[in-house]
Structure formats: C-alpha cells, structure tokens
Protein chains: 2
Amino acid sequence: MNIGDVATHTGLPAKTIRYYEEIGLITPQRELNGYRRFREQDLHKLNFLGRARALGFTIEDCRTLLALYEDETRASADVKRIARGHLAQIEAKIADLNAMRDTLSHLIDACAGDDRPDCPILQGLGGED
Amino acid sequence: MNIGDVATHTGLPAKTIRYYEEIGLITPQRELNGYRRFREQDLHKLNFLGRARALGFTIEDCRTLLALYEDETRASADVKRIARGHLAQIEAKIADLNAMRDTLSHLIDACAGDDRPDCPILQGLGGED
DNA sequence: CCTTGACCTTCCCGTGACTGGAACCCCTAT
DNA sequence: ATAGGGGTTCCAGTCACGGGAAGGTCAAGG
C-alpha cells in the first residue's frame, strides 16, 4: 500500500504520516523505487495514533501509549496514569476557557454594538471597571 | 522606567515586552545608552495587551483591538464583532475538549489500573470496541 | 581605580505538530 | 514522446514567545 491509499484509509494527511515516520512512530518498509510500503500493522498503528491524537494526547504520550500497546506484558496502571494526567490537563484547559468565556460574554453583553464609540469591552481591557 | 520595572508592574516577562515592540504593538522611546524608556502610555498599552491575551485573543486581534482602543471615533460594533468571533472560537474549543474529556473519562473509568495487561483504554485507541 | 553584580542590549535557536511549496523521480496511458 | 498523477526529499513557515550566549551600562563597595 502506498502513502496516498494509507492517507485515504486512515484519514491522516500524507504529510503527517511522513512526519510520524521521521520521528520514529512508524517504520514502513520501502519498495525498490523508494516508495514507502505500508502493511497491515502500519495501518493499525496509524489508526491508533489518529485516535490518540484526536483525544489530545501529545506525540510523546502517543509514543509511550503505542509502546504499551505493543507490549503484551504492560500493566494497565501505566496506561491509566498517562490517561489521567492528560485528562487533568484537559480539565484545566476547560476551566481556563470557561473563565475566558464568562468574562468575555459579560463584556459582549454589555456592549451596544452600534456605531457609537462607547465600548465596555475596550473599557474592560483598558482596566477601567 | 526601564524594562525590568515595566515587567514587574505589568506582570509581563521582559522577553514578551521586547517581542511586542518587535512586532510593532508598542514603540517605547530610547535612552542615550540604548535602554528602552517606557512611559505611562506604554504601560497602559501593555496592560491592555496583557488582559486581551489573558482572554485568549490572538496577537493580530490584539493589534486591531488596540487600534480601536486608540481610535476615539471607533464604532463599538467593530469591537463587538471581533469579540464575538473570538467567543465562538472559545466555545468551539470548549466543545472539543468536553468531547475529549467525556470519551477519555469513560475509558479511564473502564480501566482497572492494576498490574494486568488488559486495558480498555488501549483497546479503545486500537479501534476494538 | 577596579571589580562585582544587577541590569540592559541584540542575535540566534528551539518549541509542537505539523503545513506549504519547490525541485525532482517513477509509473502508466495515450 | 508526453502528459498526468503518483511518489520522494528538503527547506521554510506557523504562533507567541522562552532560553541562552556575548557583550554594553551603571551604581555600590573595597
């Protein structure tokens, strides 16, 4: 299977697949003409990576998770620890964004949004409360 | 006022302040020895920028907002439009993160987290449902 | 007068996870 | 022979800074 077909099947851009090879997440074989040859296990790994990335895991987390995935003697506790760490980061980010949203939507609500210059949004940003 | 004092007063790192000058957000004067000299208006702008960045506005949004802030003849509608666009992005990101959190926390809940290899998290990432 | 240490300056590289583009090779069909 | 649609490598750019090197400036102390 060539990279274009793999991109179609996995939903990952060819550029991303090449990048994953470059950083050592996958190691597809090569044809005589230099083309990458992807096999079933490569597709499997790429799908794994796509799902992990979609859940927001970093590349380094993905690398670790992939190693655990391949390791039949892993302890599920190791996986769970990584996942919980990531979940905590997600929740922290959600909290940050919620705070931004609240502040911003209050400012927006207070703003007339017409052609006059008076603007509570700018006042808020300027430090005038 | 030198950059160190400004950093203390605004809470922005000196590196960030220099960067803001480099990209033209502020234009502090210079002393004879080459040191930046910050005046009241520079501090004001930097505080504005700090608040806008804390609300997650991009640098380019900040540039526009700052221009509107300085423009006494602005229409508040222009400000409101930018703010609403940004709010929409924040809300989209929150929705994404909520979806990630839900999926991830379900997987985590299903995982024993002990020393055995069975792991619903890895199964989920591997595509086995 | 010299040194020490805390400032300040510019410049360049690195971050994360790709994305875009250039220049070039390979294969098939016409 | 050529046209096109693959593929390849390599380089540069993204965003908003942060780290660190190499060196200039200034006030205080010995």
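Anything mentioned here points back to the structure above.
Quick notes on the rules
Residues numbered from 1 in each chain as written. Chains lettered and ligands numbered in written order. Predicted model: local features only at pLDDT ≥ 70, side-chain atom pairs only at ≥ 80, totals over all residues. Heavy atoms only, no water. Helix = DSSP H or I, 4+ residues; strand = E, 2+ residues; numbered from the N terminus. Rg over C-alpha atoms; globule rule 2.2 N^0.38 Å. Buried < 20%, exposed > 50% of the residue type's maximum accessible area, 1.4 Å probe, protein only. Contact = heavy atoms within 4.5 Å. Axes fitted to C-alpha atoms, helices over the stretch in contact; angles between N-to-C directions. Parallel < 35°, antiparallel > 145°, perpendicular 65-115°, else oblique. Left-handed = near helix turned anticlockwise from the far one by under 90°. Nonpolar A, V, L, I, M, F, W, Y, C, P; charged D, E, K, R; others polar. Salt bridge = Lys/Arg side-chain N within 4 Å of Asp/Glu carboxyl O. Near = heavy atom within 4 Å. Polar contact = N/O pair within 3.5 Å; in protein donor to acceptor, adjacent residues only side chain to side chain. Least-squares fit on C-alpha atoms with pLDDT ≥ 70 in both.

Colleague: What is the right way to read the overall build of chain A from this model?
Modeller: Tallying secondary structure elements over chain A gives six helices and two strands in all. Listed N to C, the secondary structure of chain A is α-α-β-β-α-α-α-α in terms of helices and strands. Rg of the C-alpha trace for chain A: 23 Å, well past the compact-globule value of 14 Å for 129 residues, more than 25% over. In terms of overall dimensions, chain A has C-alpha extents of about 70 × 40 × 20 Å along its principal axes. A total of 129 residues make up chain A; the buried ones form 40% of that total. Across chain A, contacts joining residues at least 24 apart in sequence account for 39% of those joining residues at least 6 apart.

Colleague: Just checking my understanding: could you explain the packing of helix α1 (residues 3-10) of chain B against helix α3 (residues 40-54) of chain B for this structure?
Modeller: How two helices pack is summed up by the angle between their axes together with the distance between the axes. Residue and element names in this part refer to chain B. Axis separation between α1 and α3 bottoms out at 10 Å; the angle between their running directions is 45 degrees. Judged on the interaxial angle alone, α3 and α1 are oblique. Considering how the two elements wind past one another, α1 and α3 form a crossing that is right-handed. When α1 is examined against α3, the residues Val6, His9 and Thr10 are found in contact with a partner set consisting of Leu43, Leu46 and Asn47. Among the residues forming the contact of α1 with α3, the class breakdown is three nonpolar, three polar and no charged.

Colleague: Hey, could you run me through the pattern of salt bridges in this one?
Modeller: Two side chains bearing opposite charge may form a pair once their charged atoms approach each other closely. Residues and elements named next belong to chain A. Tallying each qualifying case throughout the model produces 14 salt bridges over all chains. Notably, a salt bridge pairs Arg30 with Glu21, separated by 3.3 Å at the nearest N-O pair. Glu21 gets classed as buried once you look at its relative accessible area, which sits at 17%. Where Arg116 meets Asp114, a salt bridge forms, and the shortest distance between an N and an O atom there is 2.6 Å. Take Arg116: its relative accessible area is 46%, and that puts it in the partly exposed class. The exposure class assigned to Asp114 is partly exposed, which follows from its relative accessible area of 21%. The structure contains a network of salt bridges with shared partners spanning Glu21, Arg30 and Arg36.

Colleague: How do you make sense of the protein's contact with DNA strand D when you look at a structure like this?
Modeller: Neighbouring DNA strand D are 19 residues; Gly4(A), Tyr35(A), Arg36(A), Lys15(B) and Tyr20(B) lie closest to it. Sugar and phosphate atoms form 71% of the subset of DNA strand D atoms that lie within 4 Å of the protein. One of the side-chain nitrogen or oxygen atoms of Arg30(A) is found 3.3 Å away from a phosphate oxygen of DNA strand D. Examining the composition of the surface near DNA strand D, we find that four residues originate from one element, helix α2 (residues 14-22) of chain B, more than from any other. Taken together, the residues of the surface near DNA strand D break down into seven nonpolar, six polar and six charged.

Colleague: Please explain the relation of the copies chain A and chain B as it appears in this structure.
Modeller: Related by rotation about an axis and a shift along that axis, the two copies of the chain form a pair. Overlaying chain A on chain B yields an RMSD of 0.0 Å, the required transformation being a rotation through 180 degrees with an accompanying axial translation of 0.0 Å. This pairing of chains is accounted for by a two-fold axis. The C-alpha atom lying nearest the rotation axis in chain A is that of Ile94(A); the distance is 3.0 Å. Of the residues that chain A buries at the interface, 100% are likewise interface residues in chain B, meaning the two copies contact each other through the same surface.

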